[in-house]
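These are the residues of each chain, in order.
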Amino acid sequence: MPSLLVSALMGLTGFGLTSFMAPKLNSAFSQSAQSPVSTSDIASGCPATTIASCRNSSAVNNLCCFESPGGLLLQTQFWDTNPATGPSDSWTIHGLWPDNCDSTFIEDCDPSRDYTDIAGLLTAQGGADTLSYMNTYWKNDPDDGTDEEFWEHEWATHGTCYSTLEPTCLPNGSPTGAEAVAFFETVVKLFQTLPTYTWLANQGITPAEGTTHTLASLTDALKKESGFVPALSCEGKALDTISWYFNVEGSLIDGTFVPIDAPEKGTCPTSGIEYLPKDEDDTDSGAKTPKKRPSRRAKRSQKHKKGIASHSEL
Ligand SMILES: *[C@@H]1O[C@H](CO)[C@@H](O)[C@H](O)[C@H]1NC(C)=O
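Fair warning: this is a prediction, and the values are worked out from it, not measured in the lab.

## Section: the overall build of the protein chain
Stage number 1. Along the backbone of the protein chain there are nine helices and nine strands.
Stage number 2. A fraction of 71% describes how many contacts in the protein chain between residues 6 or more apart in sequence connect residues 24 or more apart.

## Section: the site of the ligand
Stage number 1. Surrounding the ligand, one finds Asn56, Ser57, Ser58, Ala59, Val60 and Ser68.
Stage number 2. Considered class by class, the residues forming the shell around the ligand number two nonpolar, four polar and no charged.

## So, the UniProt feature "active site" (unreviewed entry) in the protein chain
Stage number 1. Taking the UniProt record as the reference, the feature "active site" (unreviewed entry) is found at His94, Glu154 and His158. Taking the farthest pair of C-alpha atoms as the criterion, the annotated set spanning 65 residues converges on one region, since that pair is 11.1 Å apart.
Stage number 2. Relative to the helices and strands, His94 is located in strand 2 (residues 92-99).
Stage number 3. Leaving out residues up to four positions away in the same chain, His94 has contacts with Thr76, Gln77, Phe78 and Thr241.
Stage number 4. Relative to the assigned elements, His158 resides in the loop between helix 5 (147-157) and helix 6 (178-192).
Stage number 5. His158 has contacts with Gly95, Leu96, Trp97, Pro98 and Glu107, leaving out every residue within four places of it along the chain.

## Here we look at helix 4 (residues 128-137)
Stage number 1. By the burial criterion, the buried members of helix 4 are Thr130, Leu131, Tyr133, Met134 and Tyr137. Viewed along the axis of helix 4, the buried residues span an arc of 160°, placing them on a single side of the element.
Stage number 2. Its buried side turned inward, helix 4 meets strand 2, helix 3 (118-124), helix 5 and helix 6.

## Some words on the environment of Phe105
Stage number 1. Tracing the backbone through its elements, the reader meets Phe105 in strand 3 (residues 104-105).
Stage number 2. C-alpha of Phe105 to C-alpha of Gly70: the two residues are 35 residues apart in sequence and 7.1 Å apart in space.

## With respect to the nonpolar core
Where a protein is soluble and globular, its nonpolar side chains tend to be buried together.
Stage number 1. The biggest cluster of nonpolar side chains holds 61 residues, and the ones touching the most others in it are Leu73, Met134, Ala182, Phe183, Phe184 and Val187.
Stage number 2. Residue contributions to this core peak at ten residues, all from helix 6.
Stage number 3. Residues contacting Phe183, with those up to four places away along its chain left out, are Trp155, Gly159, Leu165 and Leu252.

## Describing helix 5
Stage number 1. Among the residues making up helix 5, those that are buried are Phe150, Trp151, Glu152, His153, Glu154, Trp155 and Ala156.
Stage number 2. Of the surrounding secondary structure, the elements contacted by the buried residues of helix 5 are strand 2, helix 3, helix 4 and helix 6.

## Notes on the packing of helix 4 against helix 6
Stage number 1. At a minimum axis distance of 10 Å, the contact between helix 4 and helix 6 shows a crossing angle of 60°. Taken together, helix 4 and helix 6 sit at an angle that is classed as oblique. Considering how the two elements wind past one another, helix 4 and helix 6 form a crossing that is left-handed. Seen from helix 4, the contacting residues are Thr130, Tyr133, Met134 and Tyr137; seen from helix 6, they are Phe184, Glu185, Val188 and Phe191.
Stage number 2. Of the residues contributing to the contact of helix 4 with helix 6, the split by class is six nonpolar, one polar and one charged.

## Looking at the environment of Trp91
Stage number 1. As for its placement among the helices and strands, Trp91 is situated in the loop between strand 1 (72-78) and strand 2.
Stage number 2. Sequence separation between Trp91 and Phe191 is 100 residues, and the spatial gap between their C-alpha atoms is 9.6 Å.
Stage number 3. Setting aside residues no more than four positions away along its own chain, Trp91 makes contact with Gln77, Phe78, Trp79, Thr196, Tyr197 and Ile242.

## Let's talk about the pairing of strand 2
On any regular strand, side chains alternate: one points to one face of the sheet, the next to the other face.
Stage number 1. Burial runs high along strand 2: eight of the eight residues are buried.
Stage number 2. Here strand 1 runs beside strand 2; their pairing, made up of seven bridges, is antiparallel. Its bridge partner being in strand 2, Leu73 is matched across the sheet by Pro98.

## Details of the pairing of strand 7 (residues 256-260)
Stage number 1. As paired strands, strand 6 (residues 238-249) and strand 7 are joined by five bridges and run antiparallel to one another. The residue bridging Asn247 from the neighbouring strand is Val258, located in strand 7.
Stage number 2. Counting the residues that bridge the hairpin from strand 6 to strand 7 gives six residues, and of these Gly250 lies at a positive phi of roughly 85°.

Each value, and the rule that gives it
Residues numbered from 1 in each chain as written. Predicted model: local features only at pLDDT ≥ 70, side-chain atom pairs only at ≥ 80, totals over all residues. Helix = DSSP H or I, 4+ residues; strand = E, 2+ residues; numbered from the N terminus. Contact = placed C-beta atoms within 7 Å. Near = placed C-beta within 6 Å. Nonpolar A, V, L, I, M, F, W, Y, C, P; charged D, E, K, R; others polar. UniProt positions renumbered as here; feature names shortened; annotations may be inferred. Buried ≥ 20, exposed ≤ 12 C-beta atoms within 10 Å, placed from the backbone. Arc of directions from axis to C-beta. Core = buried A, V, L, I, M, F, W, Y, C linked by C-beta atoms within 7 Å. Axes fitted to C-alpha atoms, helices over the stretch in contact; angles between N-to-C directions. Parallel < 35°, antiparallel > 145°, perpendicular 65-115°, else oblique. Left-handed = near helix turned anticlockwise from the far one by under 90°. Pairing = 2+ DSSP bridges.

Structure below.
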């Protein structure tokens, strides 16, 4: 069944996402099954109806209300089992990446806004609930560094590339870093509408040792639940990343996410995919998966080499 809770709350079909960020729906959103997240008061001032990113047929001038060039958005999530991160019954947040409409992408767009102390920014600017949620659901691989370092990286690498989050797009008098606060709040709210673990479980797919899945069975299950096809990536045969794709109408601050099918496949093989439990005791894991995957930072710097590249090349 489709995402019934979200659909019922939003009065929509499929994802129930198409209007979830409209201000008037904030109260409905906060009733969702996961922790309610309050938002800071910042507003984009963009018109209620705008064309979705990547769907324009002629040039759009106001890039404060039209995301460009990064109008193909990926809400990426991790399923980390070695070491495990986050709750055993939830995927965790990787980020929200602004790919170009053709799936190439740019990164590290404004080093002058590579903020430190994201936790402090959130706390100071009305994002304490968002921060609390991030502390549970936006986890670094502990071997790679702290959660704060991961958040700083995601902001600097991807967040600074959003045209609609340029400081000049914000209301006059906005504090320094307000656009980063808006970014983290938006990522958390979008992630909360994408309960990958629950969707798979609803279709009878739960993590287990010794069971394998075809790519089609996983994507079909997720499409049944969400209405859309995500991209699945694996470390070897082990499922470890999902990308949910969107265009966005209006600003990242308060725009409307429009779900779309993944325009390209992830790295998982077509069959033999393992969906491993998170709750393995690390101390007795000597026999299994001795090879640790490359660190997140290493994966990221591969991307950096080209500056513009496609995720499918990684
Ligand atoms: C859409 O708008 C952007 C921003 O103005 C522009 O760069 C792009 O060429 C436009 N796309 C089309 C198909 O006109």
